[in-house]
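Now for the letters of each chain:
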Amino acid sequence: MWISILKNVISDILKILQNIEKQVKESLLLLYAGLALMIMKIICTFVLCGLLALGTPLWCCTNFLITKGASTDGSTMISYAADSHVLFGELYHWAAAEYPEGTMMDVYEWDSGRFLCKIKQATRTYNVVGNMNEFQVAIGETTYTGRPELEERPPDALMDYGSMMYIALQRSKTAREAIKVMAELMAEHGYASTGESISVADKHEVWIFEVIAKGPNDKGSVWVTRRIPDGYICAHANQARITTFPLEDGKTSISSKNLHKIFEPDIECVYSEDVISFARAKGWYPADAKDENFSFSDTYNPVNFEGARWCEVRVWSMFRQVYSAMDQEQYLQYVRGHELKHRLPLWIKPDRKVSVQDMMRFMRDHLEGTEFDMTKDMGAGPFGAPYRWRPLNWKVDGVEYFNERATSTQQTGFSFVTQSRSWLPDAIGGILWFGVDDAASSVYVPMYASMIDVPETYRRGNGAMMDWSDNAAFWAFNQVSNFAYTRYSVIHPEIEQVQQTLENKFVAFTPAVDAAAQMLMEKDPKLGIQFLTDYSVNTGNQVVTTWKHLYQYLFLKYMDGNIKTKVPGQMNPKVKQPGYGEDWYRKIVKETGDKFKILGESSGH
């Protein structure tokens, strides 16, 4: 029977190849033929084996959160862009392990690598690939900093947000367990970071968890976490989003003093027991105000102009693509930074369901199609580049101005979209769609969360921010994206064509890869995991090879401001020199008048 399944898998792959569009370049056809051949070789190898076996910084990062009922295939999904000018994009991996009782582990601050402390190691940890573990638990974050009074931390605050997240992934089988682990880590070791919004998902649920430190005199933290209702979506982007929340009733909401009840299925809100009393003691919430009117965000991270225009606008831009009500004037006024009381809802029920490819597209957003479209204003230059070199704000004649801040940005270290799929075994169900550098010019490569190795090209230690490696995915993608920034409207469409072709094929291959892995796992789980590892590793390495070739192709074609095309049988290529375009030339004339006007007849030099 399973040989029959194998034949069907191979047949599916061949059908996919036969349906590839005719306009795809020959090089890509060869790549996919090679990829399909690689998959079939791996499958055949494992069939034979199976037969034998039978006997980081401010205003950075964006997260989108999708529940099962809001996705096209019933998966939960979260996305994350780790934006930092000093973060090198690489794929982390912690192998599952067992430790003797009493083993200690070192904790290093994620942003800086600074040693923080030693803590007791769990006796058993789980396999983690990037920000997803073998049980399909996924975690992402965005930093909002919060009240300046709380930024300084005491020396005994030892658990930073990054370590907390990755330790939770190593120790949790569900989103609720991850939340409990993070709360307990902070309670025991103190919280060494500022304000954070954290996305936590498993194959059934998605939660938003918001936390902030308690300042220089207290190592602890205050926090609130809420489960996103099924069928709804949420987002956060460097601005705390949880306002009011249901108070403890023991049925649907509990405080940290009853944290053990978090696994009761009706619980949908948990918060630190002093989240309100701490604010009162600081004078940030009136003594006579009702607890039920307390707003976490308005107290610990009040929205200002920058929070709305730089941060909430990213949430709004994603919401509006799936929810028509977001175009209401009250929301536009809010994200313009004008009417800060008309806040966006914490979550919305979308007009249509969201696919994994939608999520990839959301991560590439530059506010296109809105009044904030970064390809349209003067800063875009003659080639419509949706990027602005930092700083975000600047002054002219003592007046302060700013640039827009979109989801997709040049300083992304890595980004991802996770899929947790409850209808499949955990080892197959979790996929981390992973990319490095600017999401708009990257490729989301499928990395199965059970994989026991990572591609050499994405591996930790293969290059660093000031250490070049010709074999590092991060540098391969940065070469392409940074070249494209020079003439974005001309060069980027070619990048996008290859990007979309690759991703569409990976998505199309996924059912066949799932089926092959499931067939193998039924006979020997280790074979199935090795198959998924080889598929992910080979796919990642092949994408980097393709991107290196893409850079060579683009550089040859577009260097020196020209557009060159090979002419068969001739030494010299055909050369076009399109210049800047009529619109930009008009702007030059408007600004300079007759300064560049040719007097007399042009000689055509």
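Refer to the preceding data block for the structure.
This section reports on the structure supplied with the text. Residue numbers restart at each chain and count upward from 1, following the sequence in its written direction. Local features in a predicted model are, by the rule used here, given only for residues with pLDDT of at least 70; side-chain atom pairs are given and counted only at 80 or more, and totals for whole chains, interfaces and linings are based on all residues. The side-chain numbers reported here are obtained from all heavy atoms of the structure, hydrogens and water having been left aside.

Considering the packing of aromatic side chains
No. 1: Any two rings among Phe, Tyr and Trp, with Trp reduced to its six-membered ring, count as a pair given centres within 6.5 Å; such a pair is stacked if its planes are under 30 degrees apart, edge-to-face if over 60, and tilted if neither. Under the defined criterion, the tally for this structure stands at 38 aromatic pairs.
No. 2: Judged by centre distance (5.3 Å) and plane angle (15°), the rings of F209 and W223 are stacked. Note that F209 is positioned in strand β12 (residues 206-213) and W223 in strand β13 (residues 221-227), a separation of 14 residues in sequence.
No. 3: A relative accessible area of 0% means that F209 is categorised as buried.
No. 4: Accessible area is worked out with a 1.4 Å probe on protein chains only. A residue is then buried under 20% of its type maximum, exposed over 50%, and partly exposed in between. With relative accessibility at 4%, the residue W223 sits in the buried group.
No. 5: Measuring from centroid to centroid gives 5.1 Å for Y285 and F294, while their planes differ by 90°, and the two rings are edge-to-face. Put simply, DSSP H or I for four residues or longer makes a helix, DSSP E for two residues or longer makes a strand, and each gets a number counted from the N terminus.

Regarding helix α14 (residues 582-592)
No. 1: Where burial is concerned, little of α14 is hidden: one out of the 11 residues are buried.
No. 2: Positioned one or two residues after α14, G593 has a phi angle of 65°, which is positive.

Topic: the packing of helix α3 (residues 161-171) against helix α4 (residues 175-189)
No. 1: Where α3 meets α4, the closest approach of the two axes is 9 Å, and the angle between their N-to-C directions is 130°. Classified by the angle between their axes, α3 and α4 sit oblique to one another. Our pair here, α3 against α4, has a crossing hand that is right-handed. Counted together, M164, M165, I167, A168 and R171 of α3 and E177, A178, V181, M182, L185 and M186 of α4 form the full contact between these two elements.
No. 2: Nonpolar residues are Ala, Val, Leu, Ile, Met, Phe, Trp, Tyr, Cys and Pro. Charged residues are Asp, Glu, Lys and Arg, and all others, Gly as well, are polar. Grouping the constituent residues of the contact of α3 with α4 by class yields nine nonpolar, no polar and two charged. The axes are straight lines fitted to the C-alpha atoms, using for helices just the contacting stretch, and the angles between their N-to-C directions are given from 0 to 180°. Note that the term roughly parallel is reserved for angles under 35 degrees, roughly antiparallel for angles over 145, roughly perpendicular for angles of 65 to 115, and oblique for everything else. For a crossing to be left-handed, the near helix must be turned anticlockwise from the far one by less than a right angle; the clockwise case is right-handed. The contact criterion used throughout is that any non-hydrogen atoms of two residues lie within 4.5 Å.

Quick look at the environment of Y285
No. 1: Along the chain, Y285 falls in the loop between α5 (275-281) and α6 (296-300).
No. 2: Classification of Y285 by relative accessible area gives buried; the value is 10%.
No. 3: For Y285 and T299, which are 14 residues apart along the polypeptide, the C-alpha to C-alpha distance reads 7.2 Å.
No. 4: Excluding residues that lie within four positions of it along the chain, Y285 makes contacts with I276, A279, R280, K290, N293 and F294.
No. 5: Whenever a nitrogen or oxygen atom comes within 3.5 Å of another N or O atom, the pair is scored as a polar contact, on the condition that within protein one atom can donate a hydrogen and the other can accept it, and that pairs from neighbouring residues in sequence are kept only if both atoms are in side chains. A polar contact is formed between the side chain of Y285 and the backbone oxygen of K290, at a distance of 2.5 Å.

Concerning the pairing of strand β18 (residues 393-396)
No. 1: We call two strands paired when DSSP finds no fewer than two bridges between them. Inspection of the sheet shows β18 paired to strand β19 (residues 399-402) by four bridges, in the antiparallel sense. Within β19, the residue paired with N393 across the bridge is F402.
No. 2: Linkage of β18 to β19, two consecutive antiparallel strands, is achieved through a turn of two residues, within which D397 is found at a positive phi near 55°.

A word on the sheet that holds strand β21 (residues 431-436)
No. 1: A sheet is described by the order of its strands in space; here seven strands give the open sequence β17-β14-β1-β2-β20-β21-β22, paired in antiparallel fashion. Looking at which strands have only one partner, the edges of the open sheet turn out to be β17 (347-348) and β22 (445-448).
No. 2: Of the pairings in the sheet, the one linking strand β1 (residues 63-66) to strand β14 (residues 233-236) comprises four bridges and is antiparallel in character. Following the sheet pairing, L65 is matched in β14 by C234.

A word on the pattern of salt bridges
No. 1: We define a salt bridge as a contact between a side-chain nitrogen of Lys or Arg and a carboxyl oxygen of Asp or Glu at a distance within 4 Å. Applying the stated criterion across every chain, the model contains 29 salt bridges.
No. 2: Of the charged contacts in the structure, one is a salt bridge between D218 and K214, with a shortest N-O distance of 3.4 Å.
No. 3: On the accessibility criterion, D218 (29% relative accessible area) is partly exposed.
No. 4: Note that R280 is salt-bridged to D291, the shortest N-O span being 2.8 Å. Within this pair, whereas R280 is found in helix α5, its partner D291 is found in the loop between α5 and α6, the two being separated by 11 residues in sequence.
No. 5: Looking at D291, the relative accessible area reads 32%, which means it is partly exposed.
No. 6: The structure contains a network of salt bridges with shared partners spanning R241, D298, E312 and R343.

Comments concerning the environment of S489
No. 1: Tracing the sequence through the fold places S489 in helix α12 (residues 488-523).
No. 2: Given the relative accessible area of 43%, S489 is considered partly exposed.

Some thoughts on the packing of helix α11 (residues 473-484) against helix α13 (residues 525-558)
No. 1: Orientation of α11 relative to α13, taken along the N-to-C sense of each, is 25°, at an axis distance of 9 Å. One element, α11, and the other, α13, form an angle in the roughly parallel class. When the axes of α11 and α13 are compared, the crossing they make is left-handed. Side by side, α11 and α13 meet where A473, A476, F477, Q479, V480 and F483 of the first sit next to V543, V544, W547, K548, L550, Y551, L554, F555 and Y558 of the second.
No. 2: When its residues are assigned to classes, the contact of α11 with α13 shows 13 nonpolar, one polar and one charged.

Points about a nonpolar patch on the surface
No. 1: Each patch is assembled from residues with relative accessible area greater than 30% and no salt bridge, linking like charges that lie within 9 Å and nonpolar side chains (Val, Leu, Ile, Met, Phe, Trp, Tyr) that lie within 5 Å. Where accessible areas are quoted, they stem from the Shrake-Rupley method and a 1.4 Å probe; at the residue level, only the protein chains shown are allowed to cover. Residues W394, V396, V399 and Y401 make up a contiguous nonpolar surface patch of roughly 340 Å² in combined accessible area.
No. 2: For the nonpolar patch, the secondary-structure elements that each account for two or more residues are β18 and β19.
No. 3: Relative to the helices and strands, V399 resides in strand β19.

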